[in-house]
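# Fold and contact review
So the chains spell out like this:
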Amino acid sequence: MTLDLIADKGIVLLGCGKMGSAMLKGWLDAGLSHDAVTAIDPYPSDWLKDMAAKGLHLNWDLPREPAVCLLAVKPQMMRDALPRLAALGNGPTLFISIAAGTTILTLEDLLGRRTPIVRAMPNTPAAIGRGITALVGNAGVDEDRMALAEALLSGIGRTVRLDGEAQMDAVTALSGSGPAYVFHLIETMEAAGIAEGLPPAIARELAVATVEGAGALAAAADEPPAKLRENVTSPNGTTAAALGVLMDEERGFPPLLRAAIAAARKRSEELSLE
Ligand SMILES: NC(=O)c1ccc[n+]([C@@H]2O[C@H](COP(=O)([O-])OP(=O)(O)OC[C@H]3O[C@@H](n4cnc5c(N)ncnc54)[C@H](OP(=O)(O)O)[C@@H]3O)[C@@H](O)[C@H]2O)c1
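Residues numbered from 1 in each chain as written. Predicted model: local features only at pLDDT ≥ 70, side-chain atom pairs only at ≥ 80, totals over all residues. Heavy atoms only, no water.

The name that an unreviewed UniProt entry assigns to the protein is Pyrroline-5-carboxylate reductase, with the source organism given as Oceanomicrobium pacificus. You can read under Sequence similarities (unreviewed entry) in the UniProt record for the protein the words "Belongs to the pyrroline-5-carboxylate reductase family." Here the protein is described in UniProt, under the heading Subcellular location (unreviewed entry), as follows: "Cytoplasm". (UniProt positions renumbered as here; feature names shortened; annotations may be inferred.)

### Details of the environment of Pro-224
In this fold, Pro-224 is placed in the loop between helix H9 (200-220) and helix H10 (225-232). Given the relative accessible area of 49%, Pro-224 is considered partly exposed. (Helix = DSSP H or I, 4+ residues; strand = E, 2+ residues; numbered from the N terminus. Buried < 20%, exposed > 50% of the residue type's maximum accessible area, 1.4 Å probe, protein only.)

### Focus: helix H5 (residues 104-111)
Quick reminder: α-helices carry 3.6 residues per turn. Residues three or four places apart thus point the same way. Turning to H5, its buried residues number three or more, namely Ile-104, Thr-106, Leu-107, Glu-108 and Leu-111. Contacts made by the buried residues of H5 are with strand E4 (68-71), helix H4 (78-81), strand E5 (94-97), strand E6 (117-121) and strand E7 (131-137). Of the residues trailing H5, Gly-112 is marked for its positive phi of about 110 degrees. (Contact = heavy atoms within 4.5 Å.)

### Section: the site of the ligand
Around the ligand, 22 residues are found, and the nearest of them are Lys-18, Met-19, Asp-41, Val-73 and Ala-100. Between the ligand and the protein, one listed contact pairs an oxygen atom with a backbone N or O atom of Lys-18 at 2.9 Å. In the environment of the ligand, an oxygen atom lies 2.6 Å from a nitrogen or oxygen atom belonging to the side chain of Asp-41. Starting from 880 Å² of accessible surface for the ligand in isolation, the protein chains cover 76%. For the shell around the ligand, the class distribution of residues is 16 nonpolar, 3 polar and 3 charged. (Near = heavy atom within 4 Å. Polar contact = N/O pair within 3.5 Å; in protein donor to acceptor, adjacent residues only side chain to side chain. Areas by Shrake-Rupley, 256 points an atom, 1.4 Å probe, with all protein chains shown as cover. Nonpolar A, V, L, I, M, F, W, Y, C, P; charged D, E, K, R; others polar.)

Written out as structure tokens, the structure reads:
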């Protein structure tokens, strides 16, 4: 089973907001044909309407037996929205849900127990092909369908297979929500630079390029992030002065990030019950 199957039988997106659009943009940029895509969204964005003008099927009838249905509505909307696709359950169509918290069991209840379902957690850098998506399948997902899900999701970045669904709440808290933490880091670095006297445009450029470069170096280097941090830190220098604040075990990054990611994980668990 390859991506040719998607080109041939089509892909349906249920919900095409921020994350659905980020993924769709990544696939279209990677060469997926517009007319292989059916998007269902009650209030389509201008971007989605532009894609429809290029051949995407917007709020059309469903294809008879699409290769994939991507479920990208909010978790709270899933029970209202999913019956629209229920006729495709218990068949060959692979369902991929990216909804935070919504469990495979809930999706099986709505679509049928024999439905092949992959639960996946992507992140928004997917829009430029630099996302990372963790995925796990139910018993109906054979190796061919898992490979199809990985091939599709690797079109928008990296993929990682989980050992079990129980890991998904922690993944959501770390990499699903994670880009927001990094964007907030950029915002606060920029604001701190301005407070120290830099013009706003220069502070923004320095903050974005520093995070971009450090992320790329961490991804490319053989050394762990701790060694890369040490390489920046001259004895009794400027970095050591800053890290004295940031690495404080009471008030620095370690307790702050631990609390933030625990809060996100808890919220993901709660969403499974809503
Ligand atoms: N954003 C992220 O970074 C991210 C990352 C990983 C996973 N996720 C997951 O992705 C899902 C979507 O999140 P999002 O941030 O993209 O939210 P979003 O921007 O609100 O997108 C959801 C889309 O679904 C539409 N919708 C609402 N009811 C619908 C229905 N009955 N049928 C079809 N479409 C319907 C919404 O339209 P209206 O706006 O008009 O209501 C909206 O365009 C969530 O389950 C979230 O947990 C998000």
